[in-house]
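In case you want the letters, here they are:
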Amino acid sequence: MNKVVKFGGSSLASAEQFKKVGAIIRADDERKFVVPSAPGKRSSDDTKVTDMLYACYELAEQGKDFTEQLQAIKDRYQEIIDGLELKLSLDKEFKGIEKNFKEKAGSDYAASRGEYLNGIIMAKYLGYEFVDAATVIRFKPDGEHDAELTNQLLRERLSGVKAAVIPGFYGAYEDGRVKTFSRGGSDITGSIVARAIKANVYENWTDVSGVLVADPRIIYKPEGVETITYRELRELAYMGFSVLHEDAIFPVRSEGIPINIRNTNAPDDNGTWIVESTCQKSKYVITGIAGKKGFCAVNIEKEMMNSEIGFGRKVLQAFEENEISFEHVPSGIDTMTVFVHQDEFMHKEQKVVSGIHRLADPDSIDIEADLALIAVVGRGMKSTRGTAGRIFSALAHANVNVKMIDQGSSELNIIIGVANADFETAIKAIYDIFVISQI
């Protein structure tokens, strides 16, 4: 039985944190495959190593001297090495980095060195084999991750390997050029490794004890979630939940491997289990609340819209022509509303409006700005009557005007549109009625 364990940047920010991670790994013989991130912030006013690397490479790209900045990065790693009392030198690696920076190897290469160097230290500290992610995680020429080739390469490379460290966040093209995932991509690497070795569990260690019902910046000490399904987490991640990279779900879902979100600073906490399906009922009707600000609604009206074949396609074509994606499209008999990101839309709004008139010939178009979307998600909603009514009641008591409500066919989530100014009030009201009051 093997476990893949991924540790985030805050878990590896210093030698002290490294020691906590080492103790966690050594406490369970099944934790044989480790995916480290780059060192994160040691304090609130500190800088992540990845950001230091980006800044350093920017100077190199401009042809400016970056010696001081690279030395600061080297010092960060040396501090960890000294704190762990390791006999390890990264001089060769830093000479290679300096050379490649001067040769303008690319910002992806620069950013990936944070995980690469931390992986070397972690492997030395644990006595595990080091496997460079660039040799086993492959990207296609168009930049898309090649999941099947990666799975094959990883299985072949790790076959017979008892324990290994594989740095997160990056891989490479066929020609060896380094390519990174989006920020937070170490989560994806951990999931990919878990799939390749058919792990029984993928443990993702961070600085929180699992998934919370709501954003702790809005709700004071929100309740934790014991078990959540892949689908629920996808819905919440799409609307801003950031405990796990949303793309990290796909590799393990195909193999039915559960993810366990754990806290490096509280290793005895059970954390949150992310699973394909479960018979366990959630503690509350809802599993989580998440949302984003900064949307606008384009309201289109036309008499007998419902009987005009192709009307919706014509309207959305105007957005497609201007390369604007939409979020939600609630509609009525004579009305259709398209929710879009305001910052994407505002500079092209008149082009879109004229496009809708040209393509769909509506009676009128009205634009409403400064809106927020809130997702209320939970597998318990499907078997509970009156969920939408309770949401409306809670928002009415909080004097929040609902601009839109849209329930998915799966009955797993309800999307609510409110004014930006009512965003926090709305989340507090929904949390109160489903978690605190449980009316």
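Higher on the page you've got the structure.
Predicted model only: the values in this text are computed from it and were never measured.

### A few points about the sheet that holds strand S10 (residues 272-275)
Sheets are built from strands paired through backbone hydrogen bonds, the pairs being either parallel or antiparallel.
For step 1, the next point in the chain: Spatially, eight strands are ordered S3-S4-S2-S1-S7-S9-S10-S8 in an open sheet, and the strand pairing comes out mixed. In this open sheet, the two edge strands, each paired with only one partner strand, are strand S3 (129-130) and strand S8 (227-229).
For step 2, the next point in the chain: In terms of strand pairing, S8 meets S10 through three bridges, oriented parallel. From the neighbouring strand, Thr227 faces S10, where its bridge partner is Trp273.
For step 3, the next point in the chain: The strands touched by helix H1 (residues 15-26) are strand S1 (3-7), strand S2 (31-36) and strand S7 (201-206); relative to S1, the strand with the most contacts, the crossing angle is about 170 degrees.
For step 4, the next point in the chain: This element, helix H7 (residues 186-197), spans S1, S2 and S7 of the sheet and lies at about 150 degrees to S2.

### As for unusual backbone geometry
For step 1, the next point in the chain: At Lys198, a residue that is not glycine, the phi angle is positive and equals roughly 55 degrees.
For step 2, the next point in the chain: Here Lys198 lies in the loop between H7 and S7.
For step 3, the next point in the chain: For Asp370, which is not glycine, the phi dihedral falls at a positive 60 degrees.
For step 4, the next point in the chain: One can find Asp370 in strand S14 (residues 364-377).

### Section: the environment of Ala421
For step 1, the next point in the chain: Mapped onto the elements, Ala421 comes out in the loop between strand S16 (413-419) and helix H14 (423-436).
For step 2, the next point in the chain: Owing to a relative accessible area of 70%, Ala421 belongs among the exposed residues under this scheme.
For step 3, the next point in the chain: In this structure the C-alpha to C-alpha distance between Ala421 and Ala372, which are 49 residues apart in sequence, comes to 8.5 Å.

### Quick word on a negative patch on the surface
For step 1, the next point in the chain: On the surface, a cluster of negative charge is contributed by Glu301, Glu303, Asp334, Asp361, Asp363 and Asp366.
For step 2, the next point in the chain: Mapping Glu303 onto the fold places it in the loop between strand S11 (288-301) and helix H10 (311-321).
For step 3, the next point in the chain: Accessibility expressed as a relative area gives 62% for Glu303, which makes it exposed.

### A few points about the sheet that holds strand S12 (residues 326-328)
For step 1, the next point in the chain: With antiparallel pairing, the six strands of this open sheet are ordered in space as S12-S13-S11-S14-S16-S15. Where the open sheet ends on each side, the last strands, each with one partner, are S12 and strand S15 (404-407). Taken pair by pair, the neighbouring strands of this sheet meet at an average axis angle of 40 degrees, ignoring direction.
For step 2, the next point in the chain: With four bridges joining them, S15 and S16 adopt antiparallel strand pairing. Looking at S16, one finds that Ile405 is bridged to Ile416.
For step 3, the next point in the chain: Its contacts with the sheet place H10 against S11, S12 and strand S13 (335-341), and it is angled at close to 25 degrees to S13.

### Some thoughts on the side chain of Glu115
For step 1, the next point in the chain: Examined against the element boundaries, Glu115 turns out to sit in helix H5 (residues 107-126).
For step 2, the next point in the chain: Despite its burial, Glu115 pairs with no opposite charge, the nearest such side chain being Arg183 at 7.4 Å.

### Thoughts on the layout of surface pockets
For step 1, the next point in the chain: Here the largest pocket is characterised by a volume of approximately 1300 Å³.
For step 2, the next point in the chain: Lining the largest pocket are 44 residues, and of these Lys48, Thr206, Ser242, Val243 and Leu244 lie nearest its centre.
For step 3, the next point in the chain: At the level of elements, H7, S7, S11 and H14 are the ones that each hand at least two residues to the lining of the largest pocket.
For step 4, the next point in the chain: Partitioning the lining of the largest pocket into residue classes produces 18 nonpolar, 16 polar and 10 charged.

### Digging into the packing of aromatic side chains
For step 1, the next point in the chain: Throughout the structure, instances matching the rule amount to 10 aromatic pairs.
For step 2, the next point in the chain: An aromatic cluster is defined as three or more aromatic residues linked by ring pairs; in this entry it consists of Tyr57, Phe66, Phe101 and Tyr109.
For step 3, the next point in the chain: Across the ring face of Phe139, the terminal group of Lys179 is positioned such that the distance to the ring centre comes to 5.3 Å.

### Some remarks on helix H2 (residues 49-61)
Since the α-helix turns once every 3.6 residues, residues separated by three or four places project in the same direction.
For step 1, the next point in the chain: Relative to the 18 Å expected for 13 residues at 1.5 Å per residue, H2 spans 18 Å between its end C-alpha atoms, a close match to the ideal helical length.
For step 2, the next point in the chain: The set of residues buried in H2 consists of Val49, Thr50, Met52, Leu53, Cys56, Tyr57 and Ala60. In a view along the axis of H2, the buried residues occupy a sector of 155 degrees, so they form one face of it.
For step 3, the next point in the chain: Elements that come into contact with the buried residues of H2 comprise helix H3 (67-83), helix H4 (91-102) and H5.
For step 4, the next point in the chain: Two residues or fewer past H2, Gly63 is found with a positive phi of approximately 75 degrees.

What counts and how
- Residues numbered from 1 in each chain as written.
- Predicted model: local features only at pLDDT ≥ 70, side-chain atom pairs only at ≥ 80, totals over all residues.
- Heavy atoms only, no water.
- Pairing = 2+ DSSP bridges.
- Helix = DSSP H or I, 4+ residues; strand = E, 2+ residues; numbered from the N terminus.
- Contact = heavy atoms within 4.5 Å.
- Axes fitted to C-alpha atoms, helices over the stretch in contact; angles between N-to-C directions.
- Buried < 20%, exposed > 50% of the residue type's maximum accessible area, 1.4 Å probe, protein only.
- Patch = residues over 30% accessible without salt bridge, like charges linked within 9 Å, V, L, I, M, F, W, Y side chains within 5 Å.
- Areas by Shrake-Rupley, 256 points an atom, 1.4 Å probe, with all protein chains shown as cover.
- Salt bridge = Lys/Arg side-chain N within 4 Å of Asp/Glu carboxyl O.
- Lys, Arg positive; Asp, Glu negative; His and termini not counted.
- Charge placed at Lys NZ, Arg CZ, Asp CG, Glu CD.
- 1 Å grid on protein atoms, 1.4 Å probe; cavity = no way out; pocket = protein on both sides within 12 Å on 5 of 7 lines; lining within 4 Å.
- Points joined across faces, edges and corners; volume = space filled by probe spheres on them.
- Nonpolar A, V, L, I, M, F, W, Y, C, P; charged D, E, K, R; others polar.
- Phe/Tyr/Trp six-rings, centres within 6.5 Å; stacked < 30°, edge-to-face > 60°.
- Lys NZ or Arg CZ within 6 Å of the ring centre and 35° of its normal.
- Expected span 1.5 Å × (residues − 1).
- Arc of directions from axis to C-beta.

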